[in-house]
Amino acid sequence: NEAPFAYYDNTTGRLTGESVEVTRHVLKQVGVSRIEGVITEFASLIPGLKARRFDIIAAGMYINPRRCEQISFSEPISCVDQGFMVEAGNPFDLHSYEDVARHPTARFGVIAGGVELGFARAVGVPDERLSIFPDVPSLIAGLQADRVDAVAATVPTHKDILAKAGDPGLQIAQPFTQPKFDGRTAGLCSALGFRQKDAAFLRKFNRSLEAFIGSEQHLGIVRPFGFGEQNMPGGHTTEQLCRPMSP
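Being a predicted model, the structure only gives us computed values, none of them experimental.

What about the overall build of the protein chain?
Stage number 1. From N to C terminus, the protein chain includes 10 helices and 13 strands.
Stage number 2. The C-alpha radius of gyration computed for the protein chain amounts to 18 Å, which stays within 12% of the reference 18 Å derived for 247 residues, consistent with globular compactness.
Stage number 3. Projected onto the principal axes, the alpha-carbon positions of the protein chain cover approximately 55 × 45 × 35 Å.
Stage number 4. Considering only contacts in the protein chain between residues 6 or more positions apart, those separated by 24 or more positions represent 68%.
Stage number 5. Between the averaged position of the 25 positive side-chain charges in the protein chain and that of its 28 negative side-chain charges there is a distance of 8 Å.

A word on the sheet that holds strand β8 (residues 130-133)
Stage number 1. Pairing is mixed in the open sheet, where 5 strands are placed in the order β8-β7-β9-β6-β10. Two strands close off the open sheet at either side, each with one partner strand: β8 and β10 (170-172). Here the average twist between neighbouring strands, direction ignored, is 30°.
Stage number 2. The pairing of strand β6 (residues 82-87) with β10 spans 3 bridges and is classified as antiparallel. Looking at the pairing, E87 lines up with L170 of β10.
Stage number 3. Packing of helix α6 (residues 136-144) onto the sheet brings it into contact with β6, β7 (108-111), β8, β9 (150-154) and β10, and relative to β9 it is tilted by some 150°.
Stage number 4. Sitting on the sheet, helix α7 (residues 155-165) is in contact with β6, β9 and β10, with an inclination near 115° to β9.

Things to note about the nonpolar core
A general tendency of soluble globular proteins is for nonpolar side chains to be buried together.
Stage number 1. Membership of the largest hydrophobic core comes to 42 residues, with the highest contact counts inside it found for V22, F84, Y97, F108, F205, L209 and I213.
Stage number 2. Once residues within four sequence positions are removed from consideration, V22 is found in contact with I77, L209, F212, I213, H218 and V222.
Stage number 3. Counting 28 residues, the second-largest nonpolar core is a separate cluster that includes A59, I71, F133 and V148.

Comments concerning helix α8 (residues 199-212)
Stage number 1. With 14 residues, α8 extends 20 Å from end C-alpha to end C-alpha; this agrees with the ideal 20 Å at 1.5 Å per step.
Stage number 2. Here α8 has its buried residues at L202, F205, N206, S208, L209 and F212.
Stage number 3. Directly after α8, the chain includes G214, whose backbone phi takes a positive value near 90°.

Describing the confidence of the model for the protein chain
Stage number 1. Put simply, the protein chain has an average pLDDT of 92, and 96% of its residues get 70 or more.
Stage number 2. Within the protein chain, the lowest mean pLDDT, 61, falls on strand β12 (residues 184-185), and the highest, 98, falls on strand β4 (residues 72-73).

What about the packing of helix α1 (residues 18-29) against α8?
Stage number 1. Running from amino to carboxyl end, α1 crosses α8 at an angle of 110°, the nearest separation of the two axes being 9 Å. With respect to each other, α1 and α8 are oriented roughly perpendicular. Regarding α1 and α8, the two cross each other, and that crossing is right-handed. Between α1 and α8, the residues in contact are V22, H25, V26, L27 and Q29 and F201, F205, S208, L209 and F212, respectively.

Examining the environment of I111
Stage number 1. Within the secondary structure layout, I111 lies in strand β7.
Stage number 2. Separated by 61 residues in the primary sequence, I111 and K50 have C-alpha atoms spaced 21 Å apart.
Stage number 3. Setting aside chain neighbours within four positions, we find I111 in contact with E2, F42, I132, F133, P134, D135, V136 and L139.

Some details on the state of the cysteines
Stage number 1. Under the definition given, this model contains 2 disulfides.
Stage number 2. Disulfide pairing is shown between C68 and C242; the S-S distance is 2.0 Å. The chirality of the disulfide connecting C68 with C242 is left-handed, given an S-S dihedral of about -70°. Residue C68 is found in helix α3 (residues 65-68), and its partner C242 is found in the segment after α10 (238-241); the two are separated by 174 residues along the sequence.
Stage number 3. Here C68 falls in the buried class, since its relative accessible area comes to 15%.
Stage number 4. Exposure remark for C242: the relative accessible area of 22% places this residue in the partly exposed category.
Stage number 5. Between the sulfur atoms of C79 and its disulfide mate C189 the distance is 2.0 Å.

Calculation criteria
- Residues numbered from 1 in each chain as written.
- Predicted model: local features only at pLDDT ≥ 70, side-chain atom pairs only at ≥ 80, totals over all residues.
- Heavy atoms only, no water.
- Helix = DSSP H or I, 4+ residues; strand = E, 2+ residues; numbered from the N terminus.
- Rg over C-alpha atoms; globule rule 2.2 N^0.38 Å.
- Contact = heavy atoms within 4.5 Å.
- Lys, Arg positive; Asp, Glu negative; His and termini not counted.
- Charge placed at Lys NZ, Arg CZ, Asp CG, Glu CD.
- Pairing = 2+ DSSP bridges.
- Axes fitted to C-alpha atoms, helices over the stretch in contact; angles between N-to-C directions.
- Core = buried A, V, L, I, M, F, W, Y, C linked by side-chain atoms within 4.5 Å.
- Buried < 20%, exposed > 50% of the residue type's maximum accessible area, 1.4 Å probe, protein only.
- Expected span 1.5 Å × (residues − 1).
- pLDDT = per-residue confidence, 0-100.
- Parallel < 35°, antiparallel > 145°, perpendicular 65-115°, else oblique.
- Left-handed = near helix turned anticlockwise from the far one by under 90°.
- Disulfide = S-S within 2.5 Å.

Quick look at the structure:
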């Protein structure tokens, strides 16, 4: 339930978001007419998929090697930057994961099951300065309540929060240095998740997805959620993003 990727819209009473609408479109193209949404905490997505509570993960989940061992991903549907939300004025001067690690007291918040915890630990942020929250609303509430000094999520998530909350006490940390592995900026591209045994259906899904991603129809669907040409996967592939990289 994380806008703008996948969330319940209280105004319309409908599940929507960038990942959800892309999934809806492609499923209809491959002949699936009945779609039922299931909301769960981010950390429960992969266990829920494997337990057959649902059949596809459509939640803006990054492709990474650890997840590729557990589930199969479609080809990427978008690539986004990481960012920090901080108190107005950024009093701890935090502009990267390394800044958090170097600071002697800065407290840092992440979402359970997200890649941000791995990024923080990889650069040496100690566990005693890490707080793990179940979802984005509780993450932001923790920042507002001064339980943490910075929180990590995607830039589209932060922009959506600021647009809806209108809290002058919060801001996105600028500039920001993207996390790296093996000296390379991490490829943060999201895709739809499938059970590994559903390989035949995934191949069918990917054939339709390939013709759709980057088209004017696709861009028209995702622009209302803050995505554009700058978020297209480009040369990134699932095979590439599933390859192990050492921190």
